[in-house]
Amino acid sequence: MEGVKHNRFGPVIFSKYERGSAIERALAMSREDILFELKNSGLKGRGGAGFPTSTKWMLTAAAISDKKYLICNADEGEPGTFKDRVLLIEYPELVFDAMVVGGYTIGATEGIVYLRGEYEYLLDSLNDYLNGMRKDNLLGENILGKKGFNFDIRIFLGEGSYVCGEETALIESLEGHRGEARNRPPYPVNTGFMGKPTCVNNVETLATISHIIVKGSEWYKNFGTSKSKGTKLFSISGDCEKPGVYELEWGMKISDVLKLVGAKDTKAVQIGGASGVCLNSSQFDRTLAYEDVPTGGSIIIFNKKRSMLKVLKNFMEFFVEESCGQCTPCRIGNVKLLEAVKMIEENKLTFGYLKKLKELAETMKIASKCGLGQSSPNPFLSIIENFKEEIFNYAGGGEYAKE
Amino acid sequence: MRKNNNVRAPESQKRLKVKIADNPEDIGAMVHIEINEKKVSVPLGTTILEACRKNQIHIPTLCHHDDLCIAGVCRVCVVEVEGMKTLQAACSFPITNPVKIKTTSPRVRRARKNILDLLLSEHYGECYACVRNNNCELQALAKEYGVDHYNFGHIDKPKFQVDNSSYAVVRDMNKCVLCKRCVRTCIDLQEVGVLEAINRGEATYIGTFFDKPLADVICINCGQCINRCPTGALHANDPRDEIWAAIDDPEKHVIIQTAPSPRAAIGEEFGLEPGHSLTGEMNTALRRIGFDAVFDTNFAADLTVMEEGTELLLRLYKALAKGEPDVAIPQFTSCSPGWVKYLEHFYPDFINHLSSAKSPQQMFGALLKTFYPKIKNIDPANIVTVAVMPCAAKKFECNRPEMTDSGYKDIDYGLTTRELAQMIKEAGIYLPELPKSGFDDPFGDATGAGLIFGATGGVMEAALRTVLELVTGDKIENIFENAEIKPVRGFEGIRYAEIPVTKVGKVPGIISHLIPDFEWLKGITLKVAVAHGTANAKKVLEDIKNGGKFSHCHFIEFMACPGGCLGGGGQPIPTNAEIRRKRAEAIYKEERTLNYRKSHENPKLIRLYNEFLTDGPCGSVSHKLLHTTYTKRGSFIV
């Protein structure tokens, strides 16, 4: 595992860290202190939804149950996101240490990593790594001599469905059922895996926690903006010279990011993966932060040669296929939006119908059962709005739409 | 991976975790909320839907059904909850804090309309060519929202082949709106689980194991899914055309027998409130339609009591008096063909517990093609037997290869209550206004014991009335007031009762050649149980497997459908606990008015044993005609 480690630089996640140090530090602290540190750090979930991590941990810690679970959501399925893979390959100590810390804090005895099916090739090395931790008493019984604190981690391989990144669908899948989102409330912190209180955290969230525990929340708050604390890993891909995973402070301008990765002639930036929004060049001075453009970390860059209609079609095809199919707005709504893209291609979309579709997109955003259907209209709305000149001024969707 | 195999329904389709206290006001578990700016208090854990219904605020629903666990998938019931970004499904949102709810805001109205338009765009077919025309929840919603054109288009070609392989249930997935009520009915209400969503996204459909035809999976034919389908995607396999053809054929002598439950529910098909029994009116209608004879299945139910009761006494005699080790006790009832098939599939090792007595429908069928043609001098080949049943599984039962003991197909067609109502309408008859008439001889009017077969616990009560009288020699009225055995009545899923046998009498002549005396029964406590719905049956069977309380029972009544036959898969739609309760009331009310209320007192039945089944209950003739065998099906289709 050491061999594949790249030279990565970053102020928080990629800063120096010694395996086991977060566990050691945490076990010397009270649970309340750990929760306070987390709350003080202002850390929000890095999977994309941005729910305050400390709240999630507190609610799970407060739930009364004979058994609790901590789940690491490694179902990295958002198109254009590959940061979790980097963390799991190169920095597993950050992720697993934080899971142990979490187990200690919330009172869980079992940690489960829900690993994306396509990451099967990581399975052996991750299991080896866990065995190493067991050998050193970082996992198992009475961890590091802490009497009564038992915690172990197992890895569960997903089957490749996008929706299983949604935490309740993930839990359903883990239980052996169809990957379908549950009704919320009740939330997993009360009724999660096997009906027990369950805390589901993203890989990156956990990795950040390890650093916060060791170096303190005050240190962490030095980074980022007033409302978005700390740093974020960005998976940057598309038309640029240096694609890859970058750790950047919150609050960076999009144009600065583009400069950093050597993007030229950029026409559009899709932020937050397929379910995110697509910005045009007039919006590149906006900042990446929860208060402006929030994101789970995926940035896809499109240069002037790309057809935005094709980009949109690609996204909508993705959602039509990946909708779990249980709720009406998402199952049929995405089909209707994709049909509209095809109508634009064939020059058949009327503005009257477009207006109706925009209304439909709003309905999908507020009435779908889970985050998938609530966010899948984002690319449709933002691309249609931000690139309407390109899409509508040229017959059939612009000069690049037809090969 | 699944740790608890007993729990088959996923968490996403479970009942709400928040339990509502019995005395919320006393323990301070009332939540003060606002609905459309009106202040109301509801018990903690009430869903928004329940809260609105209690306060006369209408919320449209589609995937919600009172009998089923929540799904929250159609999203038609969305409402606005102050402080939440997205709309919430009223059916699945438990109220735990003082929320403010808006049910008719512009956002809500627009969302509902859009969702409805989406559903309609994928719903194939036209309303006037549909079995559920005028009784369809999707149609009703479209009307409620004034849909006059398809905003998002309308599918114009069918995607699926109609599956009419099953004798009982026809599946037309082109009309499916993916509300998953059938899935939840099958896996959660009945714990059978032959239906599940397959594929995802646009390609999602409700299918069976490996997409096999319904006839080739372990469907028990209970038809509960039909009763809960909001559209015409599921309906029973309809034999109306064949029956009309037989009626129109002058060569054929077409007989209809009517089960106890259809008469208590058929009024609902004609717009009456549930709970009106139309026995006499229905008889008249059947004659006007053109049936040559109208018989009461309750007569055969009386016969079943005699046969099954004797069998029970024989089993007990062998086990308790003679100490034979291989006698299967408790004896299970066998009237419900859905239950029988459930047992054959899921607990095949238990089939020796099933009473070998056929169901009333099939007993009657065997008589109608043997005894009846003899006394009427008709060629049995020209007799067509129709059974109007509250049941979908009866359509399967009459097609079981064993059911040909008369030398012919004992029952030719099973007809549901819904289908009979349709026939009556086609004949231009408005049922509730007809004059009343009785049943035809030689079977005539039956006893109240046969009538109560229609309600859960009824078979048990009928059997106990006869068995206890035969054994004790005492009048049942002396043991239970007004002959009503209350402990086995009601709607609780599983009921258990103990009846001590304090005295025994002389063995009545009709079975004295089988059992010499009843002394061995003296001092014994008769333990009986009743379970309805196969999910409850499963609990009892698991308990028996584990040597629990029910393994010490002597006799257990099982019904596949919740509520017993009156909640059967062939009954009028909709169904819910309240409707089933009213149907039961109608049955018990009618029962109190009958002259005879014990099967063994039925004079026509005594005549039958004297003239035809001359070697008595469980004798050789009845064994040939009235008893049957079962198949260990397991997971296989045999």
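Note that this is a predicted model, so its numbers are computed, not measured.

Rules used throughout
- Residues numbered from 1 in each chain as written.
- Chains lettered and ligands numbered in written order.
- Predicted model: local features only at pLDDT ≥ 70, side-chain atom pairs only at ≥ 80, totals over all residues.
- Heavy atoms only, no water.
- Pairing = 2+ DSSP bridges.
- Helix = DSSP H or I, 4+ residues; strand = E, 2+ residues; numbered from the N terminus.
- Axes fitted to C-alpha atoms, helices over the stretch in contact; angles between N-to-C directions.
- Contact = heavy atoms within 4.5 Å.
- Polar contact = N/O pair within 3.5 Å; in protein donor to acceptor, adjacent residues only side chain to side chain.
- Patch = residues over 30% accessible without salt bridge, like charges linked within 9 Å, V, L, I, M, F, W, Y side chains within 5 Å.
- Areas by Shrake-Rupley, 256 points an atom, 1.4 Å probe, with all protein chains shown as cover.
- Salt bridge = Lys/Arg side-chain N within 4 Å of Asp/Glu carboxyl O.
- Lys, Arg positive; Asp, Glu negative; His and termini not counted.
- Charge placed at Lys NZ, Arg CZ, Asp CG, Glu CD.
- Buried < 20%, exposed > 50% of the residue type's maximum accessible area, 1.4 Å probe, protein only.
- Core = buried A, V, L, I, M, F, W, Y, C linked by side-chain atoms within 4.5 Å.
- 1 Å grid on protein atoms, 1.4 Å probe; cavity = no way out; pocket = protein on both sides within 12 Å on 5 of 7 lines; lining within 4 Å.
- Points joined across faces, edges and corners; volume = space filled by probe spheres on them.
- Domains from an automatic or database assignment.

Now for the sheet that holds strand β10 (residues 253-258) of chain B. Residue and element names in this part refer to chain B. If you walk across this open sheet you meet the four strands as β11-β10-β13-β14, and the pairing is parallel. Of all the strands in the sheet, the pair left with one neighbour each is β11 (293-296) and β14 (413-416). Ignoring strand direction, the axes of neighbouring strands in this sheet form an average angle of 25°. On top of the sheet, helix α11 (residues 360-368) reaches β10, β11 and β13 (383-389); it is set at about 155° to β10, its chief contact.

We now examine the side chain of A:S210. Turning to its location among the elements, A:S210 is positioned in helix α8 (residues 203-215). One polar contact links the side chain of A:S210 to the main-chain amide nitrogen of A:A98, over a distance of 3.3 Å.

All names here are of chain A. Among the surface-exposed residues, E120, D124, D128 and E159 lie close enough to one another that they form a single negatively charged patch. Following the sequence through the fold, E159 ends up in the loop between β3 (152-157) and α7 (167-174). With relative accessibility at 77%, the residue E159 sits in the exposed group.

Before going further, it helps to spend a moment on the nonpolar core. Counting 60 residues, the largest nonpolar core has A:W57, A:L87, A:F96, A:M99, A:M133 and A:F151 as the members making the most contacts within it. Ranked by the residues each element gives to this core, the list is headed by helix α5 (residues 92-106) of chain A, at nine residues. The next biggest cluster of nonpolar side chains, apart from the first, holds 48 residues, and it includes B:C186, B:I206, B:C222 and B:A560.

Here we come to empty space enclosed by the protein. Take a probe with the size of a water molecule and roll it over the atoms, and the empty space left behind shows itself. Residues and elements named next belong to chain B. For the structure on display, the rule yields nine cavities of 30 Å³ or more. Here the largest cavity defines a volume of roughly 260 Å³. If you go around the largest cavity, you meet 26 residues; those closest to its centre are C335, M389, P390, K394 and C565. Listing elements by their share of the lining of the largest cavity, those giving two or more residues are α7 (260-265), α9 (297-321), α10 (337-346), α11 and α13 (393-397).

Turning next to the domain arrangement of chain B. Domain parsing of chain B yields domain 1 (11-116) and domain 2 (302-356 + 445-594). Using C-alpha coordinates to define each centre, domain 1 of chain B is positioned 41 Å away from domain 2 of chain B.

What follows covers the pairing of strand β9 (residues 277-280) of chain A. Residues and elements named next belong to chain A. Of the strand pairs in this sheet, strand β8 (residues 266-271) and β9 are connected by four bridges, and their pairing is antiparallel. Its bridge partner lying in β9, I271 is registered against V277. What sits between the antiparallel neighbours β8 and β9 is a turn of five residues, in which G272 has the positive phi angle 95°.

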